[in-house]
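What follows is the residue order along each chain.
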Amino acid sequence: MKKSLMVSSLVLVLGIAATVSAGTYGDAGCGLGSMLWGEGGLKSKVNSRPMREIMASTTNGTFFSQCFGITTGISNCTEQGLVKLEREQEMFVEVNHDHIARDMAAGEGEFLTAFADVLGCGEDLHGQFASTTKAHYGEIFASDATTPAETLQSVKGLLRSDAQLSKGCARI
């Protein structure tokens, strides 16, 4: 019993280690199942692709790894999980809050361009991002006490309300 448990644990660890860098997964989606039964994992042990997908899906469902992976950005789910992405944006605004405010007031600047990039806006929308945030500067910075978190939420809300920016800024 102990020996089979150790062998199973070893296979699990080796399967995960071998597939951590793999970015492709099948119809079962991302999660622990894609790591175990995908390229480099236990794929060689099961020759049938549909069977591998069933095994991957069952593994994901059993361990709830897909939901966790999507939220955190691990287990082949995304490069940037929702939690990680939100925190990255918050940190950027916290560190650069004064510079962002200055650039928004001017309607241009490297910090404003970087902020647009952090929010996933394509280069073709940087000018529109700058002019829109400049036009709504008074709303974004309603007082001298506006916090970085409030600034981020205001800008995201503004982008969501703009037809073109809401489609072109992928991380809002």
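Remember, it's a predicted structure, so these values are computed and weren't measured experimentally.

On to the environment of Gly61, then. With respect to the element layout, Gly61 can be found in helix 3 (residues 49-63). Relative accessible area serves as the criterion here: at 43%, Gly61 is assigned to the partly exposed category. Sequence spacing of Gly61 and Gly31 is 30 residues, and the spatial spacing of their C-alpha atoms is 9.4 Å.

To continue, consider the side chain of Thr132. Position of Thr132 relative to the elements: it lies in helix 7 (residues 126-135). Here the side chain of Thr132 touches Gln128 through a polar contact of 2.8 Å, landing on its backbone oxygen.

For the rest of this paragraph, the subject is the environment of Leu125. The topology assignment puts Leu125 in the loop between helix 6 (110-118) and helix 7. Since its relative accessible area comes to 4%, Leu125 is described here as buried. Each residue touching Leu125, except ones within four places of it in the same chain, is listed here: Gln164, Leu165, Gly168 and Cys169.

Low pLDDT means the predicted coordinates in that region are not meant to be read closely. For the protein, the average pLDDT comes to 77, and 61% of its residues sit at 70 or higher. Of all the helices and strands in the protein, helix 1 (residues 2-19) carries the lowest mean pLDDT, 42, while helix 7 carries the highest, 98. Confidence over residues 4-24 falls short of pLDDT 50; this stretch has 20 contacts with residues more than four positions distant or in other chains.

We now examine the environment of Leu158. As for its position among the elements, Leu158 is in helix 9 (residues 148-161). Residue classification places Leu158 among the buried positions, given a relative accessible area of 13%. Sequence spacing of Leu158 and Thr132 is 26 residues, and the spatial spacing of their C-alpha atoms is 8.3 Å. Contact partners of Leu158, with chain neighbours within four places excluded, come to Thr132, Thr133, His136 and Ile140.

What follows concerns the packing of aromatic side chains. What the rule picks out here adds up to three aromatic pairs. When the centroid spacing of 6.1 Å and the interplanar angle of 20 degrees are considered together, the rings of Phe92 and Phe115 count as stacked. Placement of the pair is Phe92 in helix 5 (residues 82-106) and Phe115 in helix 6, with a sequence separation of 23 residues. Of the residues examined, Phe92 reaches a relative accessible area of 16% and is grouped as buried. By relative accessible area, Phe115 is classed as buried at 0%. With a centroid separation of 5.9 Å and an interplanar angle of 85 degrees, the aromatic rings of Phe115 and Phe129 are classed as edge-to-face. Of this pair, Phe115 sits in helix 6 while Phe129 is found in helix 7, placing the two residues 14 residues apart along the sequence.

Right, let's talk about the packing of helix 7 against helix 9 for a bit. At a minimum axis distance of 11 Å, the contact between helix 7 and helix 9 shows a crossing angle of 115 degrees. As helix 7 packs across helix 9, the resulting crossing turns out to be right-handed. Across from Phe129, Thr132 and Thr133 in helix 7, the residues of helix 9 making contact are Val155, Leu158 and Leu159.

Before going further, it helps to spend a moment on the pattern of salt bridges. Overall, the coordinates contain four salt bridges when judged by the stated rule. We note a salt bridge from Arg87 to Glu90, for which the minimum N-O separation is 3.2 Å. Of this pair, Arg87 and Glu90 both sit in helix 5, three residues apart, which is roughly one turn of the helix. It is possible to trace a salt-bridge network through shared partners that takes in Arg87, Glu90 and Glu94.

Calculation criteria
- Residues numbered from 1 in each chain as written.
- Predicted model: local features only at pLDDT ≥ 70, side-chain atom pairs only at ≥ 80, totals over all residues.
- Heavy atoms only, no water.
- Helix = DSSP H or I, 4+ residues; strand = E, 2+ residues; numbered from the N terminus.
- Buried < 20%, exposed > 50% of the residue type's maximum accessible area, 1.4 Å probe, protein only.
- Polar contact = N/O pair within 3.5 Å; in protein donor to acceptor, adjacent residues only side chain to side chain.
- Contact = heavy atoms within 4.5 Å.
- pLDDT = per-residue confidence, 0-100.
- Phe/Tyr/Trp six-rings, centres within 6.5 Å; stacked < 30°, edge-to-face > 60°.
- Axes fitted to C-alpha atoms, helices over the stretch in contact; angles between N-to-C directions.
- Left-handed = near helix turned anticlockwise from the far one by under 90°.
- Salt bridge = Lys/Arg side-chain N within 4 Å of Asp/Glu carboxyl O.

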